[in-house]
Amino acid sequence: MGRNGQCRSQVKTLQMLLTGRGFSCGSCGVDGSFGPDTAAAVRRFQGKMNLSVDGAVGSATWNALLNG
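In short, a report on the structure. Remember, it's a predicted structure, so these values are computed and weren't measured experimentally.

Re the nonpolar core
Piece 1. Ranked by internal contacts, the top residues of the largest apolar core, which has 13 residues, are Leu-14, Leu-18, Phe-34, Val-42 and Phe-45.
Piece 2. Contributing elements (two or more residues each) for this core: helix H1 (8-20), helix H2 (36-48) and helix H3 (59-67).
Piece 3. The greatest single-element share of this core, amounting to four residues, is contributed by H2.
Piece 4. If we ignore the near neighbours within four places in the chain, the residues touching Leu-18 are Phe-23, Cys-25, Thr-38, Ala-41, Val-42, Phe-45 and Leu-65.

Comments concerning the packing of H1 against H3
Piece 1. At a minimum axis distance of 10 Å, the contact between H1 and H3 shows a crossing angle of 55°. What the angle tells us is that H1 and H3 run oblique. Judged by the sense of rotation from one axis to the other, the crossing of H1 with H3 is left-handed. Together, Gln-10, Thr-13, Leu-14, Leu-17 and Leu-18 of H1 and Trp-62, Leu-65 and Leu-66 of H3 make up the contact between the two elements.
Piece 2. For the contact of H1 with H3, the per-class residue count stands at six nonpolar, two polar and no charged.

Overview of the side chain of Thr-38
Piece 1. Summarising the element assignment, Thr-38 is placed in helix H2.
Piece 2. By relative accessible area, which is 2% here, Thr-38 ends up buried.
Piece 3. Side-chain polar atoms of Thr-38 contact the side chain of Gln-15, separated by 2.9 Å.
Piece 4. With residues near it in sequence (within four places) discarded, Thr-38 still touches Leu-14, Gln-15, Leu-18, Cys-25 and Ser-33.

Points about the state of the cysteines
Piece 1. Tallied over the entire structure, the rule returns zero disulfides.
Piece 2. Cys-25 takes part in no disulfide bond, and the closest cysteine sulfur, belonging to Cys-28, lies 10 Å away.
Piece 3. Under the relative-accessibility criterion, Cys-25 is labelled buried at 5%.

Here's the deal with unusual backbone geometry
Piece 1. One non-glycine residue, Asn-50, adopts positive backbone phi at about 60°.
Piece 2. Following the sequence through the fold, Asn-50 ends up in the loop between H2 and H3.
Piece 3. Among the residues examined, Asn-50 registers a relative accessible area of 71% and is labelled exposed.

Section: the side chain of Gln-46
Piece 1. In this structure, Gln-46 sits in helix H2.
Piece 2. By relative accessible area, which is 0% here, Gln-46 ends up buried.
Piece 3. Within polar-contact distance, the side chain of Gln-46 engages the backbone nitrogen of Gly-55 at 3.0 Å.

Conventions adopted
- Residues numbered from 1 in each chain as written.
- Predicted model: local features only at pLDDT ≥ 70, side-chain atom pairs only at ≥ 80, totals over all residues.
- Heavy atoms only, no water.
- Core = buried A, V, L, I, M, F, W, Y, C linked by side-chain atoms within 4.5 Å.
- Buried < 20%, exposed > 50% of the residue type's maximum accessible area, 1.4 Å probe, protein only.
- Helix = DSSP H or I, 4+ residues; strand = E, 2+ residues; numbered from the N terminus.
- Contact = heavy atoms within 4.5 Å.
- Axes fitted to C-alpha atoms, helices over the stretch in contact; angles between N-to-C directions.
- Parallel < 35°, antiparallel > 145°, perpendicular 65-115°, else oblique.
- Left-handed = near helix turned anticlockwise from the far one by under 90°.
- Nonpolar A, V, L, I, M, F, W, Y, C, P; charged D, E, K, R; others polar.
- Polar contact = N/O pair within 3.5 Å; in protein donor to acceptor, adjacent residues only side chain to side chain.
- Disulfide = S-S within 2.5 Å.

In structure tokens:
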């Protein structure tokens, strides 16, 4: 997950987790669309957590969001 066109419910969950941790997904907020603002929030989160900053939401990023 973590690229444009992914399942809206998964993206909404991602956006809620990011927003809850203080990483804004842009002016649209939690809309289920994995656009550039969400990708930027993912990259900011990954950098903060010392993960590989690629904008993709793989297992390491999910784990950090859920357990970090």
